[in-house]
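# Observations on the model geometry
Listed below are the residues making up each chain.
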Amino acid sequence: PKLTLYRDTNGWCPFCERVWLGLREKNIPFDEVLINLYDKPQWYKDMVPTTMVPAIKFAGSGEVVWESDAILRRLDEAFPEAGPVLFREPEQLADAKLLIDRFMNASMGISYSVGNRTEAEIDAKRVTLVQAIDDLDGRLRAGGPFLLGAELSAADCMAVPMLERYGVQMPFTAAGVKLRDAGRWPGLAAWYDAMESRPSYASRVQGDAYSWTVVAPVMMRLFGGQNGTLSGPAADRADRAAQAARALLDEMVLDAEAGASAKGPAPAGSPRAEAAAKLVANHEAVVRDATSTTPKSQLDLTRLAPESAPSVDAALRAAAAALLAGARPELPAGVEPSEVAAACRYVS
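Let me begin by describing the structure that accompanies this report.

Parameters and conventions
- Residues numbered from 1 in each chain as written.
- Predicted model: local features only at pLDDT ≥ 70, side-chain atom pairs only at ≥ 80, totals over all residues.
- Heavy atoms only, no water.
- Helix = DSSP H or I, 4+ residues; strand = E, 2+ residues; numbered from the N terminus.
- Buried < 20%, exposed > 50% of the residue type's maximum accessible area, 1.4 Å probe, protein only.
- Pairing = 2+ DSSP bridges.
- Salt bridge = Lys/Arg side-chain N within 4 Å of Asp/Glu carboxyl O.
- Axes fitted to C-alpha atoms, helices over the stretch in contact; angles between N-to-C directions.
- Parallel < 35°, antiparallel > 145°, perpendicular 65-115°, else oblique.
- Contact = heavy atoms within 4.5 Å.
- Left-handed = near helix turned anticlockwise from the far one by under 90°.
- Nonpolar A, V, L, I, M, F, W, Y, C, P; charged D, E, K, R; others polar.

## What to know about the environment of P233
Mapped onto the fold, P233 is located in helix 10 (residues 232-263). Classification of P233 by relative accessible area gives partly exposed; the value is 47%. A C-alpha to C-alpha distance of 8.6 Å links P233 and A174, two positions 59 residues apart in sequence.

Take a look at the structure:
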């Protein structure tokens, strides 16, 4: 590998996602080291002055670069022949970045939290947000499908982490808009489709609809709650998101049951095989976190009792085996099903 990427353990950091996508789009071989944001190792804090993720370290020189924008620029400099030049057409890039910044600024105060705003103030914020989306859509309709035309650029890498989340979550927020409405914003809808046509993005970097839906209420409580508690319209919005997540999970269960027998063994190198390998490699850490009495992150999640560790381990082993075999998971005898169900809810 040419370098090492240091990113967050959960794959939720939007700044890490920018670099992750850039590396994959340019097809640069890299290693990964996952950093626990709630318990960063001292060696990482010594290596990166800001102590933030992402960062990269070049294999040969040992050069360390941090901040997503600086990293993507350095990738263009170090690997000019690899993949697309991300920072091309500087004037066009600056215009696209301005539109994205305007959209992001307009989304503040009407997405995860509305603060103490009145309904009239929320309506005014929504008008500003819709205008920013109109402007972004207009650019994409005039010269898409990507922000700089026919080829992906740094502008798309910068934009996609939050647009991905908002594409799923914004209908549940006070904004109440559907970014992927092709009738209302055809240029933006085509941009989403174009991004999802890129294997560099869709096969690894992109999050799934269930994950972004189920985390929406968590984000609402985190940014808009009083000690993690919501009330009034904010609580109603969080409840709608939670209900939508449950519906998506039910659909996933039905799809899994219907398709399990038809999948067959996972080919080497396939996403299923890689997912199983990750479960096997990380299962001890997952078991510890799922049964921890002193967790360092996601404190709002209910852990299992330490004595339930065998059930968590059994759930992970069954999931890995099912991924590899393409069949329904089978639990070993003597495992308490209710504990396995709780483990699955926690891990998901």
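## As for the pairing of strand 3 (residues 55-58)
The two faces of a sheet get side chains in turn, since along a regular strand they alternate between them. Pairing geometry for strand 1 (residues 3-8) and strand 3, over four bridges, is antiparallel. Directly across from T4, in strand 3, lies its bridge partner K57. As judged from the three bridges shared by strand 3 and strand 4 (residues 64-66), these two strands associate in the antiparallel manner. Note that in strand 4 the partner of K57 across the bridge is V64. Here strand 3 folds back onto strand 4 in antiparallel fashion, the turn holding five residues, of which G62 has a positive phi close to 80°.

## Some thoughts on the pattern of salt bridges
The tally for this structure, following the rule as stated, stands at 17 salt bridges. Ionic pairing is found between R180 and D193, a salt bridge with its closest N-O pair at 3.7 Å. With a gap of 13 residues between them, R180 in the loop between helix 6 (154-169) and helix 7 (186-196) and D193 in helix 7 connect regions that are remote in the sequence. For R180, a relative accessible area of 36% translates into the label partly exposed. Among the salt bridges present, the one from E196 reaches R180, with a minimum N-O distance of 2.7 Å. One end of the pair, E196, is in helix 7; the other, R180, is in the loop between helix 6 and helix 7, and 16 residues separate them in sequence. On the basis of relative accessibility, which here comes to 28%, the residue E196 falls in the partly exposed class. Overlapping salt bridges bring together E63, R74 and E77 as one network.

## Structural notes on the packing of helix 6 against helix 7
Each pair of packed helices can be summarised by the angle the axes make with each other and by the distance between the axes. It is the contact of helix 6 with helix 7, at a shortest axis distance of 11 Å, that shows an interaxial angle of 110°. Here helix 7 runs roughly perpendicular to helix 6, going by the angle between their axes. Contact residues: D156, A159, V160, L163, E164 and G167 in helix 6; W191, Y192 and M195 in helix 7.

## Notes on the sheet that holds strand 4
Judged by pairing direction, the sheet is mixed, and its four strands sit side by side in the order 2-1-3-4 without closing on themselves. Of all the strands in the sheet, the pair left with one neighbour each is strand 2 (30-35) and strand 4. If you compare each strand with its neighbour and ignore which way they point, the axes differ by 20° on average. Taken strand by strand, helix 1 (residues 14-25) contacts strand 1, strand 2 and strand 3, and its axis lies near 150° from that of strand 1. Those strands touched by helix 3 (residues 68-78) are strand 1, strand 3 and strand 4, and its axis lies near 135° from that of strand 4.

## Brief notes about the packing of helix 4 (residues 90-107) against helix 6
Between helix 4 and helix 6, the least distance of the axes is 10 Å, while the angle of their chain directions is 20°. Taken as axis vectors, helix 4 and helix 6 run roughly parallel relative to one another. Crossing geometry of helix 4 relative to helix 6 is assigned as left-handed. For the pair helix 4 and helix 6, the contacting residues are L93, A96, I100, F103, M104 and S107 in the first and A154, A155, A159, M162, L163 and Y166 in the second. For the contact of helix 4 with helix 6, a count of residues per class yields eleven nonpolar, one polar and no charged.

## Details of the side chain of T4
Within the secondary structure, T4 is located in strand 1. For T4, a relative accessible area of 16% translates into the label buried. Beyond its immediate chain neighbours, meaning those up to four positions away, T4 contacts D31, E32, V33, A55, I56 and K57.

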